[in-house]
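Summary of structural features
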Amino acid sequence: QIIGVSSGLLVSYFFGHFVSKTHFGEYNLVLSILGSITFLSLPGIDLGLTQSIIKGYDYSFIDSHRQKFRLSLIAIPALLILGYYYLKFNNALVGQLLFLCAFCYPFLNSYTNFSTFLAAKHKFKQLALIASLSSLFFLISTFISTYFFDSSIALIIGYLVGLTVPSIVGYRFSIQFV
């Protein structure tokens, strides 16, 4: 938890000192839009997954991932339409950012159920290690995107890479316990 909190504080510092208000506003707008469509990736399935794994149905981990991925595909046209709207009528850069997020969205949220799986399997040391490494990876990704690049696109790419890569790695690591 110390690594997670420290990473969060450092990310806040990076945003406060290296990112312009405009880029930070565009970044927050895109994250708000992504957050508003999170329901498409079945965030509530984790409770059912926990109960299923405790009962011995470990394969439900893989099945829940597939369901989350399939439903996340619905977000692609939604984000593309919204991106087109922003591109045409409001802010072209936000539209481009939404186009980028549209193609990354299924990978962003569908691999996140590994933490539920590891907790249900009582693999707390592995979960703590992956969580710590994920926080550090997100910190490094955010640092690179804020310090070396002065653009909203770099911020969004840093965000997407910083969350997606550790989730995929954690998922792939967790498969060995099925």
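Residues numbered from 1 in each chain as written. Predicted model: local features only at pLDDT ≥ 70, side-chain atom pairs only at ≥ 80, totals over all residues. Heavy atoms only, no water.

1. Structural notes on the packing of aromatic side chains
For clarity, the threshold we go by: Ring pairs are drawn from Phe, Tyr and Trp, using the six-membered ring of Trp, whenever the two centres fall within 6.5 Å, and their geometry is named by plane angle: stacked under 30 degrees, edge-to-face over 60, tilted for the rest. In DSSP terms, a helix is any run of H or I states spanning at least four residues, a strand is any run of E spanning at least two, and both are numbered starting from the N terminus. For every residue, the accessible area obtained with a 1.4 Å probe (protein chains only) is divided by the maximum for its type, and the residue is called buried under 20%, exposed over 50%, and partly exposed between those limits.
Evaluation of the coordinates by the stated rule reveals 13 aromatic pairs. Considering the side-chain rings of Phe 61 and Phe 117, the 4.2 Å spacing of their centres and the 20 degrees angle between planes classify their relative orientation as stacked. Residue Phe 61 is located in helix 4 (residues 60-72), and its partner Phe 117 is located in helix 7 (residues 114-120); the two are separated by 56 residues in the primary sequence. Comparing Phe 61 with Phe 117 shows no difference in burial state: the two are buried.

2. Concerning helix 1 (residues 2-18)
What counts here: Multiplying 1.5 Å by the residue count of a helix minus one yields the expected span of that helix. Read the arc as the range of directions from the helix axis to the C-beta atoms. By definition in these notes, contact holds between two residues if any of their heavy atoms fall within 4.5 Å.
Taking 1.5 Å of rise per residue, the 17 residues of helix 1 would be expected to cover 24 Å, and the 24 Å separating its terminal C-alpha atoms lies within 8% of that figure. Within helix 1, burial applies to Ser 7, Val 11, Phe 14 and Phe 15. End-on, the buried residues of helix 1 take up no more than an arc of 95 degrees, which puts them together on one face. Within helix 1, the exposed residues directed more than 90 degrees away from the buried face are Ile 2, Val 5, Leu 9, Gly 16 and His 17. Buried-residue contacts for helix 1 involve helix 2 (21-36), helix 8 (124-147) and helix 9 (152-174).

3. Quick word on the pattern of salt bridges
Quick note on the threshold: Criterion for a salt bridge: a side-chain nitrogen of Lys or Arg within 4 Å of a carboxyl oxygen of Asp or Glu.
Under the criterion given, the structure shown has 2 salt bridges. The salt bridge partner of Asp 46 is Lys 68, with a shortest N-O separation of 4.0 Å. Here the residue Asp 46 occupies a position in helix 3 (residues 45-54), and Lys 68 occupies one in helix 4, the gap between them amounting to 22 residues. Notably, a salt bridge pairs Lys 121 with Asp 58, separated by 2.7 Å at the nearest N-O pair. Linking Lys 121 in the loop between helix 7 and helix 8 with Asp 58 in the loop between helix 3 and helix 4, this pair joins segments that are 63 residues apart in sequence.

4. What about the packing of helix 1 against helix 8?
Our working rule: The axes used here are C-alpha line fits, helices contributing only the stretch in contact, and every angle between their N-to-C directions lies in the interval 0 to 180 degrees. Roughly parallel means an angle under 35 degrees; roughly antiparallel, over 145; roughly perpendicular, 65 to 115; everything else is oblique. When residues are grouped by polarity, Ala, Val, Leu, Ile, Met, Phe, Trp, Tyr, Cys and Pro land in nonpolar, Asp, Glu, Lys and Arg in charged, and all others, Gly among them, in polar.
Relative to each other, helix 1 and helix 8 sit at 10 degrees, their axes nearing to 9 Å. Taken together, the axes of helix 1 and helix 8 are roughly parallel relative to one another. Mapping the contact onto sequence places Ile 3, Gly 4, Ser 7, Leu 10, Val 11, Phe 14, Phe 15 and Phe 18 in helix 1 and Ser 132, Ser 135, Leu 136, Phe 138, Leu 139, Thr 142, Phe 143, Thr 146 and Tyr 147 in helix 8. Its residues assigned to classes, the contact of helix 1 with helix 8 shows 11 nonpolar, 6 polar and no charged.

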